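# Inside the fold
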Amino acid sequence: MVVNPTKDKKEIKSVLCDEWIYSRISEDGAPSIEEYDPPMDVLYLTDNDLSGIMIFHPVNAASYEMHIQMIDKTKAMEFCRSCIDWFWSNSEAIKITAQIPEIYPDVCRFAEKNGFKKEGINRLSCIKGGRVYSQIYYGLSRSEVENGFY
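Structure report, in brief. From a predicted model like this one, the values you see are computed outputs, not experimental measurements.

Moving on to a nonpolar patch on the surface. Judged by side-chain polarity, Leu124, Ile127 and Val132 come together as a nonpolar surface patch covering roughly 260 Å² of accessible area. Assignment of secondary structure puts Val132 in strand 7 (residues 131–141). For Val132, a relative accessible area of 44% gives the class partly exposed.

Now the structure itself:
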């Protein structure tokens, strides 16, 4: 699978503003789909079919946080691995992290299948449907990938 960076807002919104995806990524108080304006100071990767989008944003000089959103879930594993491989080849980062709300155990399993390890809990840190939830921290380091743990 070929993945490429994009800054095309229309492409980005076509994935992030998919009704099912937006319902899962938006917290209480988020703008409506029509009003949503994706940040453009991050790295977006997508494939030629726009089957999904991977977002990387810097946390610090060593780490980037990643988010994946898939329209075509049959391509999710291949897309995720292709994006992570692209990222390692095109950045000097040494760590990728993700924060996954506890209400999405399917996403936690997906992260683990892609080599991410549970690293901690960000307690009571997101609001969804009027309830406060914790987020689970996951991480994947470049050295784990280079040593075959990925």
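Our next topic: the pairing of strand 2 (residues 43–47). Among the five residues in strand 2, four count as buried, and that is most of the element. Here four bridges tie strand 1 (residues 3–6) to strand 2, and the two strands are oriented antiparallel to one another. Paired with Pro5 across the two strands is Leu45, which belongs to strand 2. Bridging between strand 2 and strand 3 (residues 52–58) involves four bridges; their strand directions are antiparallel. When the bridges of strand 3 are listed, Thr46 appears paired with Ile53. Hairpin connection from strand 2 to strand 3: four residues lie between these consecutive antiparallel strands, with Leu50 at a positive phi of about 55 degrees.

In total, this model carries four aromatic pairs according to the counting rule given. Centre to centre, the rings of Phe87 and Trp88 are 6.0 Å apart; their planes meet at 55 degrees, and the pair counts as tilted. What makes Phe87 buried here is its relative accessible area of 2%. Feature note: the residues Phe56, Tyr64, Phe87 and Trp88 constitute an aromatic cluster, connected by ring pairs.

A few words on unusual backbone geometry. Even without being glycine, Leu50 reaches a positive phi, approximately 55 degrees. When you line up the elements, Leu50 lands in the loop between strand 2 and strand 3. Not every positive phi belongs to a glycine, and Leu124 is a case in point at roughly 45 degrees. Within the secondary structure layout, Leu124 lies in strand 6 (residues 117–128).

To continue, consider helix 1 (residues 9–16). Considered for burial, the residues of helix 1 that qualify are Ile12, Val15 and Leu16. Across the axial projection of helix 1, the buried residues extend over an arc of 90 degrees, all falling on one side. On its buried face, helix 1 sits against strand 1, helix 2 (19–25), strand 2, strand 3 and strand 4 (63–70). Capping the start of helix 1 is the job of one residue whose side-chain oxygen sits 2.9 Å from the backbone nitrogen of Lys10: Asp8.

Applying the stated criterion across every chain, the model contains four salt bridges. Across the pair Asp37 and Lys9 runs a salt bridge, and its minimum N-O distance is 2.5 Å. Here Lys9 lies in helix 1 and Asp37 lies in the loop between helix 2 and strand 2, a separation of 28 residues in the sequence. The class of Lys9 is partly exposed, set by a relative accessible area of 34%. Residue Asp49 pairs with Lys75 through a salt bridge whose shortest N-O separation is 2.6 Å. Highlighted residues: Asp49 in the loop between strand 2 and strand 3 and Lys75 in the loop between strand 4 and helix 3 (76–90), separated in sequence by 26 residues.

What counts and how
Residues numbered from 1 in each chain as written. Predicted model: local features only at pLDDT ≥ 70, side-chain atom pairs only at ≥ 80, totals over all residues. Heavy atoms only, no water. Patch = residues over 30% accessible without salt bridge, like charges linked within 9 Å, V, L, I, M, F, W, Y side chains within 5 Å. Areas by Shrake-Rupley, 256 points an atom, 1.4 Å probe, with all protein chains shown as cover. Salt bridge = Lys/Arg side-chain N within 4 Å of Asp/Glu carboxyl O. Helix = DSSP H or I, 4+ residues; strand = E, 2+ residues; numbered from the N terminus. Buried < 20%, exposed > 50% of the residue type's maximum accessible area, 1.4 Å probe, protein only. Pairing = 2+ DSSP bridges. Phe/Tyr/Trp six-rings, centres within 6.5 Å; stacked < 30°, edge-to-face > 60°. Arc of directions from axis to C-beta. Contact = heavy atoms within 4.5 Å. Polar contact = N/O pair within 3.5 Å; in protein donor to acceptor, adjacent residues only side chain to side chain.

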